[in-house]
Protein chains: 2
Amino acid sequence: MSDIIEPRVLRGFRDYLPEAEIARASLVRKLEVTFNSFGFVPIDTPVLEYAEILLGKGGGETDKQVYRFKDNGGRDVAMRFDLTVPFARFMAEHSDELYLPFRRYHIAKVWRGENTQRGRYREFMQCDFDIVGTDSASADADIVLVIAGAMKALKVGDVRIRINHRGLFNRFLAAAGCAGKSMAILRAVDKLEKIGKEETFSLLSSEVGKTISADILNFIEPESSFEATLEKMSGFCAGNDEEAMIAHNRLSNIYEIAQASGCADLVFLDPSITRGLDYYTGVVFETFLKAMPTIGSICSGGRYNELASLYTTKKLPGVGASVGLDRLLAALEILGKISADRDDHRLLLANQGEPELKELHACASRLRSRGISAEVFPETKKLMAQYSYAEKKGIPYALLLDAASLAEGKFPLRDLAVRSTSVFTSFDELVVFLGGARE
Amino acid sequence: MSDIIEPRVLRGFRDYLPEAEIARASLVRKLEVTFNSFGFVPIDTPVLEYAEILLGKGGGETDKQVYRFKDNGGRDVAMRFDLTVPFARFMAEHSDELYLPFRRYHIAKVWRGENTQRGRYREFMQCDFDIVGTDSASADADIVLVIAGAMKALKVGDVRIRINHRGLFNRFLAAAGCAGKSMAILRAVDKLEKIGKEETFSLLSSEVGKTISADILNFIEPESSFEATLEKMSGFCAGNDEEAMIAHNRLSNIYEIAQASGCADLVFLDPSITRGLDYYTGVVFETFLKAMPTIGSICSGGRYNELASLYTTKKLPGVGASVGLDRLLAALEILGKISADRDDHRLLLANQGEPELKELHACASRLRSRGISAEVFPETKKLMAQYSYAEKKGIPYALLLDAASLAEGKFPLRDLAVRSTSVFTSFDELVVFLGGARE
């Protein structure tokens, strides 16, 4: 007994039992179908990379959270902590083999040694999709359309895709004469939803005074329509500000494309969204479930000028977003959208000691060839034990073949939920009832 | 310039570019469909585990190949080097939450710091499927049927599933009075295919003399049919040997089930297959492509007595196998089974500066809603450049909408392979031609 090693996983890590893994795989599959329908293609990169590649020459702030070590050959390596940095390295390395603009998605695990007391996992899945090598409004809009398409495919109910343009915010600050304080202002605005208007106002006032703070709060307040919000935002910028005009037109183009593609009702212009400070340079997105806004954004992203400047002198502007798989899974579970999704064409062939095993397997093979998932219970146990197995596994039906029913060509099928048995008088009838393919 | 970090991956690691990743994902998807049809369910486990869990208390021989390090909390951790050890830990930890017999599959990456000079990768994907918690012939047979089903789904052409029973071999050695030398004998037999009969005979002779060596070579030579081989093997065992009789009946049962399930023609009894020395205790399998036997076994496994004895005192007998994904992918590529698999319902909407972007996106949305993958080229470039993009990406068609064709309700479609353009006079016609869904 003392030789037994206690089976346990590391803190911040977890097993996916079948139910959870089926839910995750089904979610991922639907996202993939959506990505593919927009011409996005999948890639994969190594989990381990040179630490210098992932962290830059200096190391950096993320350092402490990164799983970094010397491999058996003495190389300084690290496990990827996101999918963006490996993608940048990938594009720098392979751009000659690829076609631009490159639309890729990457759904894979990443690792961060985060504080688990905040309920964070140290191993989690990310799902990124980007269009790299173009600065077109078409690409910006495609990201919005993919988000809308994915949410529809996932049947999460109504969503709000909030968009904004970093450039317009910057030009407004320039017109207000406080571009130099943009970091502090963005940080205060970012807190609006958490701390409320009043506290944001006093935070801003201490930086730029009351008049400009009032303007800022006015600027970031959405109007009743996309167009009205856009006009108000532009009104705050200088009339001859070309940069502001370009940003205005970009937002307008994106909205037109969303309208033409039938998803304008999901798209909201929200000037309060800024998404971090350094990375994004153009349009930014966040996505909220109407039924569950408090869970936070389930898909966020934006446009960036330079994807891979650490690794290449090639200009690679792009736009993309990342789906919060864990949040989405949690939301789908609460909304009851997961169990409805299970494949119901499933069957247990109960094992009653007769007919012979080979007859049960022959029947299971015939069922599978008609598109029904079928498994033979491998041992002769009490039927109640076999039913209980099926129920725990979520299998809705048990076929109760015995020597007599087999000889008569009859198929007694137990509905495990209602606990009653119907007898089908032909194999085809059984197959059709189970939703299998007609011969 | 000197600040640029050279983009490169670690030796023994590789990126999956879209074509390779699509091929891998398609292969995995077909395996999953087969596993599901037999009632197997997916699980996942962490990439990082306590080193003690993965390596046992002592460490062990695999040690040098394992990526093992101290994490930021000082824990001795390692990256999984296979999927069997984590599965054993998983079963020990979760058996109360699960239903037995438990049929699971797990398709995921593992890491080994192997010598890359032998062409081995240090990061590769494994695909394991097992039935745990039963010693039934039904479960053994199911593994054979899954292999047959998977190979059929992958359209790899004819395969040979070679099976054997470790117990029958052991009883033969007992009858020959050389059970004590079984390790050396198994090792010599394992080399038969590589070194040939003569050298195997001399290897064996030095251990057990010429008479018994001749018997061994006779014993491991398959006869013309499964039944004939089985009778010969049993003939070498003592007549009253109960263990040999049990093994004989097991093989016979498995073959009967394969016959009843329509795949007996793929199953061969091959007494020379032993698959390693310690782990397997009953039936063992290997799978070879008839068109490419030299690539080695593409799916191997067997029955074991104890899955999780390192972590629990519960008895967990099982049977399972592992698909060699890299070998299979290589074989499918050589056999030309990969490209035929690509989705042809794909389309590029060429961007000629007219009609407006929003019209192109509206058309793309309509196409997607009918099941056609459609992407708008985001920039107005020369058509030849857009065609070249599509060709590199493997997109077969380009739609050449301009303002005039849009106004007239005409859809000029270029077939990029034959370089000719046909004009469809309705959207429905276009959709039907592209293989989309009828309205």
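Caption draft 1: Up close: the interface of chain A and chain B. In this complex, chain A contributes 99 residues to the contact, which on the side of chain B involves 99 residues. Its largest share of buried area at the contact with chain B, chain A owes to Ile5, Leu10 and Tyr99 of chain A, together 9% of the area lost on that side. For the pair chain A and chain B, the number of links is 8 salt bridges. We note a salt bridge from Asp15 of chain B to Arg89 of chain A, for which the minimum N-O separation is 2.6 Å. Where chain A packs against chain B, one counts 41 residue pairs in polar contact (both at pLDDT 80 or more). Here the element with the most residues in the side of chain A that touches chain B is helix H1 (residues 18–37) of chain A; it accounts for 7 residues. A per-class count over the side of chain A that touches chain B returns 47 nonpolar, 20 polar and 32 charged.

Caption draft 2: Local environment of helix H8 (residues 226–236) of chain A. Residues and elements named next belong to chain A. Of the residues making up H8, those classed as buried are Phe226, Thr229, Leu230, Lys232 and Met233. Down the axis of H8, the buried side of the element spans an arc of 165°, and every buried residue falls inside it. Summarising the contacts, the buried residues of H8 are in contact with strand S7 (159–165), helix H5 (166–175), helix H7 (192–219), helix H9 (242–260) and strand S8 (267–269).

Caption draft 3: Highlighting the side chain of Asp44 of chain B. Note on placement: Asp44 of chain B falls in the loop between strand S1 (41–42) and strand S2 (48–50). Polar side-chain contacts of Asp44 of chain B include one of 2.9 Å to the side chain of Arg24 of chain A. For Asp44 of chain B, the contacting residues outside a window of four places in its chain are Asp15, Tyr16, Glu21, Arg24 and Lys109 of chain A together with Arg80, Phe90, His106 and Ala108 of chain B.

Caption draft 4: How the structure looks around the sheet that holds S8 of chain A. All names here are of chain A. Overall, mixed pairing links the 8 strands, which are arranged S1-S5-S6-S11-S10-S9-S7-S8 in an open sheet. Strands with a single pairing partner mark the edges of an open sheet, and in this sheet they are strand S1 (41–42) and S8. When strand S10 (residues 299–304) meets strand S11 (residues 318–323), the two strands line up antiparallel, connected through 6 bridges. The partner of Gly301 across the bridge, within S11, is Ala321. Against the sheet, H8 engages S7 and S8, with an angle of about 25° to S8. Relative to S7, H9 is tilted by about 155°, and along the sheet it contacts S7, S8, strand S9 (283–289) and S10.

Basis of the calculations
- Residues numbered from 1 in each chain as written.
- Chains lettered and ligands numbered in written order.
- Predicted model: local features only at pLDDT ≥ 70, side-chain atom pairs only at ≥ 80, totals over all residues.
- Heavy atoms only, no water.
- Contact = heavy atoms within 4.5 Å.
- Buried area = accessible area lost by both parts, 1.4 Å probe.
- Salt bridge = Lys/Arg side-chain N within 4 Å of Asp/Glu carboxyl O.
- Polar contact = N/O pair within 3.5 Å; in protein donor to acceptor, adjacent residues only side chain to side chain.
- Helix = DSSP H or I, 4+ residues; strand = E, 2+ residues; numbered from the N terminus.
- Nonpolar A, V, L, I, M, F, W, Y, C, P; charged D, E, K, R; others polar.
- Buried < 20%, exposed > 50% of the residue type's maximum accessible area, 1.4 Å probe, protein only.
- Arc of directions from axis to C-beta.
- Pairing = 2+ DSSP bridges.
- Axes fitted to C-alpha atoms, helices over the stretch in contact; angles between N-to-C directions.

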